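Read off the chains here:
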Amino acid sequence: MASKSLAKHDLSRKSYAVGERVPVLVPLPFAGAFEYRSDIPLAAGDLVAVPLGRREIIGCVWEQESTVPPDLAPPPVPSVAEQKLKAVIRRVDVQPLPQQLRHFIDWVAAYTLSPPGMVLATPLRLHTQKQPKPSLGWVRTQLPVEGVRLTPSRRAVLEVVDENPQSTADIAESSGVSAAVVRGLASTGLIQEAVVAVAAPFGTPDADYARPVLSDEQEEAANALRALVTAERFSVALLEGVTGSGKTEVYFEAIAACLALGQQVLVLLPEIALSAQWMERFARRFGVESALWHSDLGQKSRRDTWFAIAAGTAKVVVGARSALFLPFETLGLIIVDEEHETSFKQEEGVTYHGRDMAVVRGRLAKAPVLLVSATPSLETLANVESGRYQHYLLTSRHGGAHLPDVSLVDLRENGPERGQFLAPLLCEAIDETLAAEEQAMLFLNRRGYAPLTLCRTCGHRMQCPNCTTWLVEHRNRGILTCHHCGHTEGIPKACPECDHEETLVPIGPGIERVTEEAQQRFPNARILVMSSDTLGSAAATAEAVRQITDGEVDLIIGTQIVAKGWHFPKLTLVGVVDSDLGLGGGDLRAAERTVQLLHQVAGRAGRAERPGRVMLQSYVTEHPVMEALVSNDFDTFIAQETAQRRPGFWPPYGRLAAVIVSADGADEADALARDIARCAPEGEGIQVLGPAPAPLAILRGRHRRRLLLRTVRGRAVQPIIRQWLADVRAKGSARIDVDVDPISFL
């Protein structure tokens, strides 16, 4: 089986002879590869130094032919006249960029309408680093000691050194001598240099290490997933299961099947904070930890991981969306956990959706892709409905646990006292939970102390000078800050508009304000706050999880980080402070996102033998989202969402692409937006909305206008946009960005 899996990865590379034209892609925002003349033999994937203008730059030898479908492929870059061809300077002494990764870069660039060099930039930064040189040490030779002057120090060294290579430092420490004595003994020939064996950075997972006992329903799903893996061909499947149903344990069996074939596995998580608990569960199942990939890793760890993946010795990798660009040798399975999460969408630079590009990577690798969620996205459910994706369902919680009881607290009738944010009914439930020595959680998806600060004398609102957004008060740090551009200023004593002192008041609750109220209301409770402001690293998150799991915490207060796939056995009550947050603003996906988020946070309650309950504070208890959460009837909610989106061919029943114009001045942005609108495409099944100011009309000091292209499902938006913008030129400070399949409309 292993040989078959290796055979499916075509390792052949197109060769370029001396004197032949060579396409080289450079990590800059150009439309495609440039042509050079090669005075040395080269092959696709080789990294080379080439002249570009007056500088030298590292690029990658590319293929002339594209694997991207014609309707997505960009137009070819014009050829250069023979006499204008510049020569490749040299080949860089590192391993070639793998063919599968090169094809993936082409796909991402074509789909997202991004310059391919910008997509190449991320993997190239690591790939240009040379593999670490082997460490050298010393071993004992077979030469006799007769005739050699042996001091006590030298004798001490000989007693330590044997046929196993040891470093100079280790020998010196063991024998109690200086490093100079060790090196001096080498001149006698009694010891000689040898490569010190370095332990592999990652252990080999054992598929049979601790096989779980699965329920009949879990075993049925696990068998289906094993079959997908052993088929060794591309497919996409959705593993849907209620919170606490054991989805992770089930897809671990698919990982075990992949390991048995000698292949590699990539697992994508929406939040790297989840990696600590995930790695612990993985180690319990397979005996070792997996490789980890995310932006917080140190440079050495990233380099070691990169080369271990390229060599095929890192068998399982868990990471953020950027892990899609790793150089897998034999990728046999991709898993996207919590596939509905919007954090899989990269919003800066190359705008791509990690879930969708995972499907592309799986297709190129001829490997199955598994999407996992308790609340699947409408896009995934539409693909299930059309038969493109397979569907496996887990309907009950594992180990006899039951789904929590969900109830609404109508704030119109049972609201808190003025200036408070926790309703009496919720506070009573927390008292009961703490009295029973169980844990409770309060959830509010809003950082800081208050989202708005205004003057009660003149009504002035503290606003970001760079963005059309209010400054958020972070009282613990004594600052007002913008969560979009990072602008920060101190909290003033007087209103900057009317100069009245002590008139600035916080409006609305943030997590700090809820914590302050909880400390006053529950003075004896041990409170832990989980947010990006309090958990600055994966290690801090792991410590917080340990404290909760070990019962060192009574009340957890958190933002959306607590809604992820945590398993807290003693947590029995979840209270949502503002369930309506996120339903406003006219966002296409507002209701879908809210029901997913609240269902996920509700799913933290009652995951073990103790029953759980969830209380949702709301002013709109009759909203379909609230009804779905209380009744646990998501099929009806999905049917309602479908009925609203399908007639107007809104996603997933149509395609969207946003054209965002930005400039230093409003007039400059308006002028370019009008020029783009005048040449907007027309035709059956095509509609252009706008231009209009973006909801964040000013962001980081730049004025922004949006146009939205909407087409029927099945029609590619990329060729339409290419033709639309082909003759449009951004001048001065103006810039045009395109977001295919937008998630955020800010």
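Predicted, not measured: the structure shown is a model, and the values here were computed from it.

Rules and cut-offs
- Residues numbered from 1 in each chain as written.
- Predicted model: local features only at pLDDT ≥ 70, side-chain atom pairs only at ≥ 80, totals over all residues.
- Heavy atoms only, no water.
- Helix = DSSP H or I, 4+ residues; strand = E, 2+ residues; numbered from the N terminus.
- Buried < 20%, exposed > 50% of the residue type's maximum accessible area, 1.4 Å probe, protein only.
- Contact = heavy atoms within 4.5 Å.
- Areas by Shrake-Rupley, 256 points an atom, 1.4 Å probe, with all protein chains shown as cover.
- Lys, Arg positive; Asp, Glu negative; His and termini not counted.
- Charge placed at Lys NZ, Arg CZ, Asp CG, Glu CD.
- Polar contact = N/O pair within 3.5 Å; in protein donor to acceptor, adjacent residues only side chain to side chain.
- UniProt positions renumbered as here; feature names shortened; annotations may be inferred.
- Salt bridge = Lys/Arg side-chain N within 4 Å of Asp/Glu carboxyl O.
- Phe/Tyr/Trp six-rings, centres within 6.5 Å; stacked < 30°, edge-to-face > 60°.
- Lys NZ or Arg CZ within 6 Å of the ring centre and 35° of its normal.
- 1 Å grid on protein atoms, 1.4 Å probe; cavity = no way out; pocket = protein on both sides within 12 Å on 5 of 7 lines; lining within 4 Å.
- Points joined across faces, edges and corners; volume = space filled by probe spheres on them.
- Pairing = 2+ DSSP bridges.
- Axes fitted to C-alpha atoms, helices over the stretch in contact; angles between N-to-C directions.
- Patch = residues over 30% accessible without salt bridge, like charges linked within 9 Å, V, L, I, M, F, W, Y side chains within 5 Å.

### Digging into the overall build of the protein chain
Within the protein chain, the secondary structure is distributed over 21 helices and 31 strands. If you line up the protein chain on its principal axes, its C-alpha atoms span 100 × 70 × 65 Å. In the protein chain, buried positions account for 52% of the 746 residues. Long-range contacts, defined here as pairs at least 24 residues apart, represent 75% of the contacts in the protein chain between residues at least 6 apart. Accessible surface computed for the protein chain: about 33000 Å², of which carbon and sulfur atoms make up 50%. Distance from the positive charge centre (78 side chains) to the negative charge centre (88 side chains) of the protein chain: 7 Å.

### Here we look at the side chain of Glu-592
Locating Glu-592 in the fold gives a position in helix H17 (residues 590-602). Its relative accessible area of 3% is what places Glu-592 among the buried residues. Within the structure, Glu-592 has its side chain in polar contact with the side chain of Arg-645 (distance 2.9 Å). Residues in contact with Glu-592, not counting those within four places in the same chain, are Pro-376, Ser-377, Leu-378, Glu-379, Phe-637, Glu-641 and Arg-645.

### Concerning the UniProt feature "domain: Helicase ATP-binding" (unreviewed entry) in the protein chain
Under the UniProt annotation, the feature "domain: Helicase ATP-binding" (unreviewed entry) is placed at residues 228-394. Taken end to end, residues 228-394 comprises 37% helix and 22% strand; its first and last C-alpha atoms sit 17 Å apart.

### Some points on the pattern of salt bridges
What the rule picks out here adds up to 35 salt bridges. Residues Arg-700 and Glu-348 are paired through a salt bridge, measuring 3.6 Å at the closest nitrogen-oxygen approach. Here Arg-700 is found in the loop between strand E29 (686-699) and strand E30 (702-712), whereas its partner Glu-348 is found in the loop between strand E14 (331-337) and helix H11 (354-365), with 352 residues between them in sequence. On the basis of relative accessible area, Glu-348 is assigned to the partly exposed category, the value being 49%. In this structure, Arg-678 engages Asp-675 in a salt bridge whose closest nitrogen and oxygen atoms are separated by 2.2 Å. In this pair, Arg-678 and Asp-675 both sit in helix H20 (residues 666-678), 3 residues apart, roughly one turn of the helix.

### Considering the side chain of Thr-503
Relative to the helices and strands, Thr-503 resides in the loop between strand E22 (488-490) and strand E23 (504-507). Thr-503 gets classed as buried once you look at its relative accessible area, which sits at 8%. Within the structure, the side chain of Thr-503 is placed 3.3 Å from the backbone oxygen of His-500, a separation counted as a polar contact.

### Observations regarding the packing of aromatic side chains
The geometry of an aromatic ring pair is captured by the separation of the ring centres together with the interplanar angle, meaning the angle of the planes. Tallying each qualifying case throughout the model produces 9 aromatic pairs. Relative to Phe-34, the ring of Phe-30 has its centre 4.9 Å away and its plane inclined at 65°; by these criteria the two rings are edge-to-face. In this structure Phe-34 comes out as partly exposed when scored by relative accessible area, which is 25%. The interplanar angle of 90° and the centroid separation of 5.7 Å between the aromatic rings of Tyr-251 and Phe-252 together place this pair among those described as edge-to-face. Accessibility assignment for this pair places Tyr-251 and Phe-252 in one class, buried. Here the aromatic cluster, defined as three or more aromatic residues joined through ring pairs, consists of Tyr-251, Phe-252, Trp-278, Phe-282 and Phe-286. The ring of Phe-649 has Arg-710 sitting right over it, with the charged end atom 4.9 Å from the ring centre.

### A look at empty space enclosed by the protein
All told, the structure shown has 2 cavities of 30 Å³ or more when counted by the stated rule. Of the pockets and cavities examined, the largest cavity occupies roughly 60 Å³. Along the walls of the largest cavity sit Tyr-111, Thr-112, Lys-345, Thr-351, Tyr-352, His-353, Asp-356, Met-357, Val-740 and Asp-741, which together make up its complete lining. Secondary-structure elements contributing two or more residues to the lining of the largest cavity are helix H2 (99-112) and H11. Each pocket or cavity is described by its volume, and for the second largest cavity that value is around 30 Å³.

### With respect to the sheet that holds strand E26 (residues 571-576)
The 6 strands lie next to each other as E17-E27-E26-E18-E25-E24, forming an open sheet whose pairing is parallel. Only two strands of the sheet have a single neighbouring strand rather than two, namely strand E17 (405-410) and strand E24 (527-530). On average, each strand axis in the sheet is inclined to that of its neighbour by 20°, with strand direction left out of account. Sheet topology places E26 next to strand E27 (residues 613-618); 4 bridges connect them, and they run parallel. Residue Val-576 lies in a different strand from E27, and its bridge partner there is Leu-616. Against the sheet, helix H16 (residues 538-549) touches strand E18 (439-443), E24 and strand E25 (555-558), its axis set at about 145° to E24.

### Digging into a negative patch on the surface
A surface patch of negative charge is lined by Glu-497, Asp-499, Glu-501 and Glu-502. Relative to the assigned elements, Glu-501 resides in the loop between E22 and E23. Note on Glu-501: relative accessible area 57%, which makes it exposed.

### Considerations on the UniProt feature "binding site: Zn(2+) 2" (unreviewed entry) in the protein chain
Under the present numbering, the feature "binding site: Zn(2+) 2" (unreviewed entry) in UniProt falls on Cys-464, Cys-467, Cys-482 and Cys-485. These residues run over 22 residues, yet every pair of their C-alpha atoms falls within 8.7 Å of each other. Within the fold, Cys-464 resides in the loop between strand E19 (452-455) and strand E20 (472-474). In contact with Cys-464, other than residues within four places in its own chain, are Thr-469, Leu-471, Cys-482, Cys-485 and His-487. Tracing the backbone shows Cys-482 in the loop between strand E21 (479-481) and E22. Residues contacting Cys-482, with those up to four places away along its chain left out, are Cys-464, Cys-467, Thr-469, Leu-471 and His-487.

### As for unusual backbone geometry
Excluding glycine, residues mostly have negative phi values, and the peptide bonds linking residues are mostly trans. Going from Pro-651 to Pro-652, the amide bond is cis rather than trans, its omega being 10°. Relative to the elements of secondary structure, Pro-652 occurs in the loop between helix H19 (634-645) and strand E28 (654-663). Omega for the peptide link from Gly-690 to Pro-691 comes to 15°, which places this bond in the cis form. Looking at the element boundaries, Pro-691 is found in strand E29. You will see that Leu-113, though not glycine, has its phi angle at about 60°, which is positive. For Leu-113, a relative accessible area of 22% puts it in the partly exposed group. Phi is positive for Asp-741, which is not a glycine, with a value near 55°. With respect to the helices and strands, the residue Asp-741 is situated in the segment after strand E31 (735-740).

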